[in-house]
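Read off the chains here:
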Amino acid sequence: MSHGRLHIGVIGAGAVGCYVGGRLVASGVADVTLVGRQWLADAISAHGLTLRELDHDDLVAANDIRFAVDPQAGSTCDVVLCCVKSGATADTAAQLAGILRPDAIVVSLQNGLRNAETLRAHLPQNHVIDAIVDFNVIMRDHAVFQRTTSGPLTIETRREPKHQPWVNALRAAELEVVEVDAIEPEQWTKLLINLNNAINALAGIPTREMILSRQYRKVIAMLLDEGLDVLEGAGVRAAKFRGVPLRVMSFILKLPTPIVRLVIGAQLRMDPEARTSMSQDLERRRLTEVDFLNGEIVSLAEASSRDAPLNRRIVELVHEAEHAGAGSPQLDAETLLERIR
Ligand SMILES: NC(=O)c1ccc[n+]([C@@H]2O[C@H](COP(=O)([O-])OP(=O)(O)OC[C@H]3O[C@@H](n4cnc5c(N)ncnc54)[C@H](OP(=O)(O)O)[C@@H]3O)[C@@H](O)[C@H]2O)c1
């Protein structure tokens, strides 16, 4: 690591990358380079980069953004935050190989279980660290990135000491950071919670509306129960979600809506317009991460000679929607139930 000012790069400047990168820029704690697509470079140069916080009033606009479309811009970074979708990790890592300094730290801020492993395979000289973004960000027009739920960034410290300068920089950027020794149980928990992303994408409604519908919650609880059974059968441990065991979470999902409203409201602040990133991907006619979420439950079941029919069916339905290229099929909960049974 260089001895001067910390230089943090974001590869895959999109919802997560621009939000986290934008916070770092706004705090002034580090030099930041965002690497992403030309259309976003154009939007940022026209409008600046705006971060909209949960309370809507807190707008942080940073106009002096270093934005590159060429990954070569990562060559001078001390730390690179990998924020591409899971399906793009291998190509992105291959692009970064030979560009990054050997002592550069690479941090995966992605969902799923295998991104850090993929990064390590392509970047054997670099120190690759797993992290979890436990909040939601949506991209709006004119380079506005809106945070729509509360939650921390969780970072694995097993491979290096706690409180590294880049971790301190994230904290100085007013991001809540939780450091854990082993991240796999947290990643499984995030994945199990994210099983609802596919339902949100297939329903085509805001996340809050979905969570407040007892019928959609029933489908989500079925996927979660199946996931938990598969993990148990394979001897894989998942962490609690914000202090709540996932079996209890499943029980809560099945309760009447007024009770859920009380319990979830206390656990999680959520903008009424929040949608999962899988829902946004379907709307934008892009491939989703369903294989890296529900698909992992199916794979784990197969590896232990079991089946996960509900999650398998959900993977198929999302792929059908991707191939149809017409956005969300907007399935109501009853139709969804019929299609997965
Ligand atoms: N959004 C959220 O709220 C949220 C929350 C928690 C975790 N996550 C996870 O964070 C990861 C990123 O999600 P996201 O929603 O931020 O994705 P996103 O908005 O799609 O941003 C990723 C951006 O990176 C670009 N990109 C892909 N490969 C690139 C490359 N080699 N060089 C430069 N740019 C590249 C993509 O362009 P193309 O589309 O043209 O490929 C896209 O614009 C995912 O694993 C997601 O599951 C997201």
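Residues numbered from 1 in each chain as written. Predicted model: local features only at pLDDT ≥ 70, side-chain atom pairs only at ≥ 80, totals over all residues. Heavy atoms only, no water.

Student: Is there a simple way to think about the domain arrangement of the protein in this case?
Tutor: Here the domain parsing of the protein yields domain 1 (7-181) and domain 2 (186-340). For domain 1 versus domain 2, the distance between C-alpha centres works out to 25 Å. Counting residues at the interface gives 26 residues for domain 1, matched by 26 residues for domain 2. Considering only the side of domain 1, the residues that lose the most area to domain 2 are K85, N111 and L113, jointly responsible for 28% of the buried surface there. (Domains from an automatic or database assignment. Contact = heavy atoms within 4.5 Å. Buried area = accessible area lost by both parts, 1.4 Å probe.)

Student: Looking at this structure, I do not really get the site of the ligand. What am I missing?
Tutor: Neighbouring the ligand are 26 residues; V16, Q95, V137, R286 and E289 lie closest to it. Contacts to the ligand include R37, whose side-chain N or O atom sits 3.0 Å from an oxygen atom. Between the ligand and R286, the relevant distance is 2.8 Å, taken from an oxygen atom to a side-chain nitrogen or oxygen of the residue. If the ligand stood free it would expose 880 Å²; the protein chains cover 89% of that surface. Every element with two or more residues in the shell around the ligand is listed here: α1 (15-27), α3 (89-96) and β9 (137-140). Of the residues assigned to the shell around the ligand, the class counts are 12 nonpolar, 9 polar and 5 charged. Each of domain 1 (7-181) and domain 2 (186-340) contributes no fewer than three residues to the shell around the ligand. (Near = heavy atom within 4 Å. Polar contact = N/O pair within 3.5 Å; in protein donor to acceptor, adjacent residues only side chain to side chain. Areas by Shrake-Rupley, 256 points an atom, 1.4 Å probe, with all protein chains shown as cover. Helix = DSSP H or I, 4+ residues; strand = E, 2+ residues; numbered from the N terminus. Nonpolar A, V, L, I, M, F, W, Y, C, P; charged D, E, K, R; others polar.)

Student: I keep staring at the sheet that holds strand β2 (residues 31-35) and nothing clicks. Help me out?
Tutor: Where strands meet in a sheet, backbone hydrogen bonds hold them as pairs that are either parallel or antiparallel. Pairing in this open sheet of 8 strands is mixed, and the strands run β5-β2-β1-β6-β7-β8-β11-β12 from one edge to the other. Two strands close off the open sheet at either side, each with one partner strand: β5 (66-68) and β12 (177-180). Pairs of neighbouring strands in the sheet enclose a mean axial angle of 25°, with direction left out of account. Here 5 bridges tie strand β1 (residues 7-11) to β2, and the two strands are oriented parallel to one another. Its bridge partner lying in β2, I11 is registered against V35. (Pairing = 2+ DSSP bridges. Axes fitted to C-alpha atoms, helices over the stretch in contact; angles between N-to-C directions.)

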